[in-house]
Amino acid sequence: MLPPERASDPLPPEAAAWRNAFGALRPASSPCRYLGATAWANIHEACTDFIERYGAEAVRLGWTAPQLFGVHPEHGTLRVDWCGVLMIGGRKATNIEAGRILFDNTSGYRDLPGLPVGMPIWEFAARK
């Protein structure tokens, strides 16, 4: 039997793990050297919102932590070509589909040919 706090969690285990790992990052302290405090605070808020609103759907559609929250293993968000969809822009998602996440006036795609795969930002932060 699940403990009461786990039984009522609407997120599947994968998304709950994202919430826990991402939630351990402080919104006032950027984990990436070249990512400014304001940009990081916006990204942190947008990612937290995404996990709560779309986390279950993201898991159901097969999105992975690196596809969403990935950063370059050595350069963090400085190498945007390695960044996950949610690590660029700091805008809140408006919808999710199998192959893209929609924002107000743009989309982020997960399966672009030749796209490198980064590591989740919480793993990057733990290496500091």
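Residues numbered from 1 in each chain as written. Predicted model: local features only at pLDDT ≥ 70, side-chain atom pairs only at ≥ 80, totals over all residues. Heavy atoms only, no water.

Trainee: Before we go on, may I ask you to explain the sheet that holds strand S2 (residues 95-96) in this structure?
Mentor: Two modes of strand pairing occur in sheets, parallel and antiparallel, and in both the strands are linked by backbone hydrogen bonds. Sheet architecture is open: three strands sit in the order S2-S3-S4, paired in antiparallel fashion. The open sheet is flanked by S2 and strand S4 (107-109), the only strands paired with a single partner. Two elements, strand S3 (residues 100-102) and S4, share three bridges in a ladder whose sense is antiparallel. Note on S4: the bridge partner recorded for isoleucine 101 is glycine 108. (Pairing = 2+ DSSP bridges. Helix = DSSP H or I, 4+ residues; strand = E, 2+ residues; numbered from the N terminus.)

Trainee: What's the story with the pattern of salt bridges in this structure? I'm lost.
Mentor: A pair can form between side chains of opposite charge whenever their charged atoms are brought close. By the definition in use, this model includes seven salt bridges. Where arginine 110 meets aspartate 111, a salt bridge forms, and the shortest distance between an N and an O atom there is 3.7 Å. Look at aspartate 111 and you get exposed, because its relative accessible area is 57%. (Salt bridge = Lys/Arg side-chain N within 4 Å of Asp/Glu carboxyl O. Buried < 20%, exposed > 50% of the residue type's maximum accessible area, 1.4 Å probe, protein only.)

Trainee: Just to check I follow, could you spell out the layout of surface pockets for this structure?
Mentor: Reported here for the largest pocket is a volume of approximately 320 Å³. If you trace the largest pocket, you find 22 residues lining it, with Cys83, Gly84, Val85, Tyr109 and Leu115 closest to the centre. Mapped onto the lining of the largest pocket, the elements with two or more residues apiece are helix H4 (65-69) and S4. Of all the elements, S4 adds the most residues to the lining of the largest pocket, at three residues. Classifying every residue of the lining of the largest pocket by side-chain character gives eleven nonpolar, seven polar and four charged. (1 Å grid on protein atoms, 1.4 Å probe; cavity = no way out; pocket = protein on both sides within 12 Å on 5 of 7 lines; lining within 4 Å. Points joined across faces, edges and corners; volume = space filled by probe spheres on them. Nonpolar A, V, L, I, M, F, W, Y, C, P; charged D, E, K, R; others polar.)

Trainee: Help me understand a nonpolar patch on the surface in this model?
Mentor: Residues Tyr109, Leu112 and Leu115 make up a contiguous nonpolar surface patch of about 270 Å² in total accessible area. Tracing the backbone through its elements, the reader meets leucine 112 in the loop between S4 and strand S5 (119-120). Assessed through its relative accessible area of 44%, leucine 112 is described here as partly exposed. (Patch = residues over 30% accessible without salt bridge, like charges linked within 9 Å, V, L, I, M, F, W, Y side chains within 5 Å. Areas by Shrake-Rupley, 256 points an atom, 1.4 Å probe, with all protein chains shown as cover.)

Trainee: Got a minute to help me understand the side chain of histidine 72 in this structure?
Mentor: Following the sequence through the fold, histidine 72 ends up in the loop between strand S1 (70-71) and S2. On the accessibility criterion, histidine 72 (9% relative accessible area) is buried. Within the local environment of histidine 72, its side chain forms a polar contact with the backbone nitrogen of glutamate 74, the two atoms lying 2.9 Å apart. A distance of 3.0 Å separates the side chain of histidine 72 from the backbone nitrogen of histidine 75, its partner in a polar contact. Once residues within four sequence positions are removed from consideration, histidine 72 is found in contact with Arg79, Trp82 and Phe124. (Polar contact = N/O pair within 3.5 Å; in protein donor to acceptor, adjacent residues only side chain to side chain. Contact = heavy atoms within 4.5 Å.)

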